[in-house]
Structure formats: structure tokens, C-alpha cells
Amino acid sequence: MSKDPLLQPYRLKSLTLKNRIMITSHEPAYPEDGMPKDRYRAYHETRAKAGVALTMTAGSAAISRDSPPVFNNILAYKDEVVPWITRMTDACHEHGCAVMIQLTHLGRRTGWNKGDWLPSVSPSHKREPSHRAFPKKLEDWDISRIVQDYADAAERMKAGGMDGIELEAYGHLMDQFWSPLTNTLEGPYNGSLENRMRFSLEVIDAIRKRVGKDFILGIRFTADEQLDGGITPEDGLEIARRLKATGQIDFLNVIRGHIDTDPGLTDVIPVQGMRNAPHLDFAGRIRKEIGLPTFHAAKIPDVATARHAIAEGLLDMVGMTRAHIADPLIVRKITEKREGDIRPCVGATYCLDRIYQGGEALCIHNAATGRELTMPHEIEPSKISKRVVVVGAGPAGMEAARVAAERGHQVTVLEAAPDAGGQIRLTAQSARRREMISIIDWRMEQCLSRGVSFRFNVFAEAADVLLENPDVVIVATGGLPHTEVLSQGNDLVVSSWDIIAGDVRPGNRVLVYDDAGDHPALQAAELIAATGAHVEVMTPDRSFAPEIMAMNLVPYMRALQERDVRFTVTYRLKAVRRSGNLLTAVIGTDYSAHTEERDFDQIVVNHGTVPMDGLYFDLKPRSKNLGSVDQAALIIGRQQPLEANPDGAFALFRIGDAVSARNTHAAVYDALRLVKDI
């Protein structure tokens, strides 16, 4: 028997959970037609197979038609969901993993122009800033209908074999009743806390009548909104006491904060650069004072913090949700005493932001997450060992080297810089984004443990590669900043990289022209503004930094809005000319013929990268495949055909930004899906 606190079983009512690690409710947006089909099942089954004790499916499975998902959630109001739930729960149960689901009515946290185009509803007409719909104020018949919808959905989940359900009461309809900020009803559902909780208690009573006393029922609730006039910690404790007093609630899952704005959501679910486990002690206080089984998750990315939460009695079950997105094999690696092999969550929160941008959760550096049907989390060894040369040690090259080494190949990496990392090492120059370097550090450890040979300070040319007598060459040389974007004055501007790397000192009055919309522009702006300089961030788009997305934008805005920084949208930098000691920016717009001129002492351009592809084209005529990629084979996971050039000596591929300017996830995915079949 292990003495590890995380590996101790836990008894929840009649259910024995085999350890103390859980995945809290979250919606990766993988349903098809609102149903948790094969992709959804495979995602949870992979983590169940690796040993997690409890997986909580569905962030916000919708219980009513006037609670349309804001992204692709499970539709718990449909009877046809039951067989899909059954398949998923059966698959997880086969591995001894308990399965629950979160049910909710979103209230005002949705829109009217989705689903069946029904008005959103709430206890007030007050609009939620994030989702912008002005809700209908609930009537008595709405309340009765929604209570029954909850009961119907719970009955479906029990029929599907779930071990229990969790009700969501943070930012959704239930706590919209609780909070004085969002409840302006008259009569029995407003006023005293007893009245504001009436709806929730009616829902709980209705569910219990349908599912019986033995079925597990919990609630994930905000015990402190951290908003003036909202639910206070004292209110939260009293709500918890009243829930316990019903005798019908089996666990509490504690949230602190509010999610009606992007900054609020980011404080509830912190991103990189923010403190780990910021609400853990608060959750521990709830557990101590209330005495119900207590769950919690909020930036608990590492085993040490999770172990502390259990060992110190702060929690009964610890949620490691984003950590399991990065590495679904955490529990197996703990039990096998391989904690050093756990792929770290770097807090990039690409997973959550990507849902709103691209409609699916993806991990910034685990390209198999969400692709369990086609991409492996564990690499199968090759039957034949080959000599593989990887040129470039950025995220694409490091992933290619790792996967090739796990395949059993002899791998040599040539890198021009003195250290691995590429653009990741540049990104990590910003203190707030330092966690990103773990993307490289983890891969370096994995590579070194498998005998990969690294040669740094080698600006590889074709002759250097050929000396290795390779069977396969993978060019991952990345790109260089693209600043040749103006009709005049390209030689007068500097790149975002120049500022971030410290190669160019910030000016005093600076224009940061961002035509890429990704992190480097705002990283540069943050560094410049910190010197006390005036900064204008300009973009030709209708919104700035669209590639950074909502949650990652919050820390930038908190830093920049404290400084002398202005944001200008829908204007394009067309040219720059020198005017004495200043630079005159010629500024236009895509919307009209309007132009204007303004003076700065420094102009910074962020326009992505251009590939460093010279080595690739030098090697291309000597390769078996002439550098070509069979896209059909790549997509379905077959080995690449190599018949294009019978005289070729090796297979040649290029990946990541050596192909085109993209992002870290694209670079890692390029490498994984290519090299896993070499």
C-alpha cells in the first residue's frame, strides 16, 4: 500500500474513489450535435485508463432549450444523449474510474441568437458583459419549467450510468438568484438569503425525487464573488451551511470569484505568471467550517501542490484539470514513481482560449489531447532504427527529436544557438511567461534520457547534415521576424524580437505596429511601457491582439493600462521616413483613402516571421521525396511514400515556422504527426 496522500482511496457516500485526483468539470467542446460521441469518449477514457479516480464530464451540460451552449456543450435536455452517456461511462468504468457530469442552466451567460433563438433568462434584465445578451426577467412559469428540466436531465444522466451529478452555481442561473447583483425579482425568490436560495433548493428537491437518495449529488458554487455588493465569504459559508442542512448534497466544489468578465474569469482560472493555487486555502476553510466532502481546482498544475492539498486536509479530492490536458498519464506516472516524466502544464491556457477562437480545446504542447482517436500519448517503437538528423531545437525540432527517440531511432540535433528553445526561449524572457520554457526543458530531459545527441552553436549547412549520413532529415529552423512590410522605411523600424531580446533599447515615444496579433507585439509594448515611455499599439484589424485571446489578454491589459499606453484599431502603417531625430509614420486605413502623419522616436513592427528555409532547399534535390509530403498519408497516419527521387539518399521534411509563421501548437503537431510514423 502506498503512503502517498494522493494515492489513498476516498469514500464518497457509497462510491469508493481509488485515489484523490480528479478532473473537474470542463467542456473541451468535442461533442457532435450536442452528443458526447467517440472523440469525447476517447478523451475521458484515456485519462481513466491512466488511473484518475474521478472524471467530471461536461462543463455546463445544458438542461433547457433556453440555455443554449455558448460553445459546443453536451445537450442534456435531449433523450438521445442517454446512449452516448452510457458508452462514455461504461468505457471509463472499465478502468475503475468514476464518472460524473455537471448540469446547468446558463441563465444570462449565453445568447438569444443561438440554438432555438429563445431569449436568455435571468432573475434580472441585467446583461452579462462577456456574453452581452439582455435577458428576459424570469416569470413564475419559467421557474417551474426550469426546475423540471433539471430533474429530467438528472434522470437521463442516472439512466446513462453516471455515478453522480454536479450542479453549477458560479456565474450561472443558480447563483444569479443568490447574488444581490443579479436578482431583482419581487416576491418569494428575492430579498432574504432564504428566498434567493429557494430556486436552488426546489431544483435539489426535484432532482432527489427523480434519482433517489443514494445517487450522488454535489454542487460547484461560488463561495465569494469578490465583487462589491455580491456574494461575500460570509454569504458563501451560510449558503454552504444551508445546502448541508438539506441533507441532500453530498459534496461541495468550491469556486472563488466571478466569471462575468474576462478579468474575472482569469482570476477564477489563473493563467501563467499568476500565483499557483490562489484559492486553495479558501477552499480549505470551507471544508473545515462546513464538514462536507470538498473538491477544488484552480491552477493546481503540479503533483507537489496537489499532494499538499490532500496531506494538509484542505481538500478531499484535488482537481488537476489543465494538468491532465497537458498530460493524461499523470496518475500512472505517480504510481510508477516517474513524476519527473510528467509533461508540465505551462499555464498558457491555450486550451480554454482556443475553445472560443477555434471551437475545440487543444493543449499548447500536447498535440494528442483532443485527438486521441488519431494521435498517440505514448509513442510506439519502430521496427527499424534509423539515423535521424533534426536541424533546429525550437518547439518543432525538440518534439521531432523526442518522438524520433521514443521510436528508437538514433537522433542528432544541430542547433545554431548555444541553447535549445528557439522562439520559446525568447518568449520566456518576459517574467510573466517564464513558465513557457518548460515546453523545452521537458523535451530536453526526455531526449537526453533516450540518448539524443545535441550539437549547439552549429549553423548547419548541407555539408554538415550530409556528414551525418542520415536516413531522415527534419528541418525545423524556424523563422526570422518579417519587417519588410512598408512601402518606404523598412530599414528604419525594429522588430518585436529586438525589444524582447534586449538587442534594442526602448525609445521614449514608441509606435508598436501589430499586423500579426500575437504575443510578441504586446510583450514588446509591456517592456517599453515599463520604462515610462509613451506607447501606441496600432493594428489594421478591428480589434487588437486577436491571436492572444481573452484570458491571456488580461495580464497584458492589467500591466499596460497602468502605463502611458494607447490602443488604435483599424489603422495601417504604410511608410516611415526620417525627420531629423524623429521618425514620421505615414498612417492609412483599409476603410478609406484617409492618411495622416505622426512622429515617434521608435517604430516597432510585429508581422510574424519568414521561414529560414535555405538549408531545406539546398537539401531538397538530394532527398528521396524531394521534400514532398503526402498530406493524405499524414492525416490518416500512414508512413510517407519516398519514391519521388530514386537517386535520393534520405527523406527530407520541414516543420513548424520553417514552413510558415504559425504558433507553438502547430509546430508541435507538425512534428508529432509526421515523426510518429517514421
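On a predicted model such as this, the values are computed, not experimentally measured, just so you know.

## Brief notes about the overall build of the chain
The helix and strand inventory of the chain stands at 23 helices and 27 strands. Over its C-alpha atoms the chain spans a radius of gyration of 27 Å, differing by no more than 12% from the 26 Å that the globule rule assigns to 678 residues. The principal-axis extent of the C-alpha atoms belonging to the chain is close to 75 × 65 × 45 Å. The burial tally for the chain puts 60% of its 678 residues in the buried class. Look at the contacts in the chain between residues 6 or more apart in sequence, and 72% of them connect residues 24 or more apart.

## Quick word on helix 16 (residues 438-448)
Every buried residue of helix 16 is accounted for by Ile439, Ile440, Trp442, Arg443, Met444, Gln446 and Cys447. As for helix 16, its buried residues are in contact with helix 14 (395-406), helix 15 (423-427), strand 15 (453-455) and helix 23 (664-675).

## Some points on the nonpolar core
In terms of nonpolar packing, the biggest core is built from 99 residues, with Ile101, Leu103, Leu167, Phe199, Ile219, Phe221 and Leu252 touching the most fellow members. With eight residues, helix 3 (residues 140-159) is the single largest residue contributor to this core. Phenylalanine 221 has contacts with Ala169, Tyr170, Trp178, Gly236, Ile239, Ala240, Leu252, Asn253, Val254 and Ile255, leaving out every residue within four places of it along the chain. Ile364, Val388, Ala428 and Leu634 belong to the second largest nonpolar core, which has 48 residues in total.

## Details of helix 20 (residues 550-560)
Since the α-helix advances by 3.6 residues per turn, residues separated by three or four positions end up pointing in the same direction. For helix 20, the tally of buried residues reaches eight of eleven residues, placing the bulk of the element in the interior. For helix 20, the full list of buried residues reads Met551, Asn552, Leu553, Val554, Pro555, Tyr556, Met557 and Leu560. Elements in contact with the buried residues of helix 20: helix 8 (262-268), helix 13 (350-358), helix 19 (519-529) and strand 21 (565-569).

## A few points about the domain arrangement of the chain
Note: interface size is frequently given as the accessible area lost on complex formation between the parts. When cut into domains, the chain gives domain 1 (5-357), domain 2 (387-479 + 629-676) and domain 3 (483-607). The C-alpha centroid of domain 2 is placed 39 Å from the C-alpha centroid of domain 1. Carbon and sulfur atoms supply 48% of the area buried between domain 1 and domain 2, which totals about 1,000 Å² over both sides. Viewed at the interface, domain 2 and domain 1 are joined by one salt bridge. Linking domain 1 with domain 2 are seven residue pairs in polar contact (both at pLDDT 80 or more), by the criterion used here. For the side of domain 1 that touches domain 2, the class distribution of residues is five nonpolar, four polar and three charged.

The rules behind these values
- Residues numbered from 1 in each chain as written.
- Predicted model: local features only at pLDDT ≥ 70, side-chain atom pairs only at ≥ 80, totals over all residues.
- Heavy atoms only, no water.
- Helix = DSSP H or I, 4+ residues; strand = E, 2+ residues; numbered from the N terminus.
- Rg over C-alpha atoms; globule rule 2.2 N^0.38 Å.
- Buried < 20%, exposed > 50% of the residue type's maximum accessible area, 1.4 Å probe, protein only.
- Contact = heavy atoms within 4.5 Å.
- Core = buried A, V, L, I, M, F, W, Y, C linked by side-chain atoms within 4.5 Å.
- Domains from an automatic or database assignment.
- Buried area = accessible area lost by both parts, 1.4 Å probe.
- Salt bridge = Lys/Arg side-chain N within 4 Å of Asp/Glu carboxyl O.
- Polar contact = N/O pair within 3.5 Å; in protein donor to acceptor, adjacent residues only side chain to side chain.
- Nonpolar A, V, L, I, M, F, W, Y, C, P; charged D, E, K, R; others polar.

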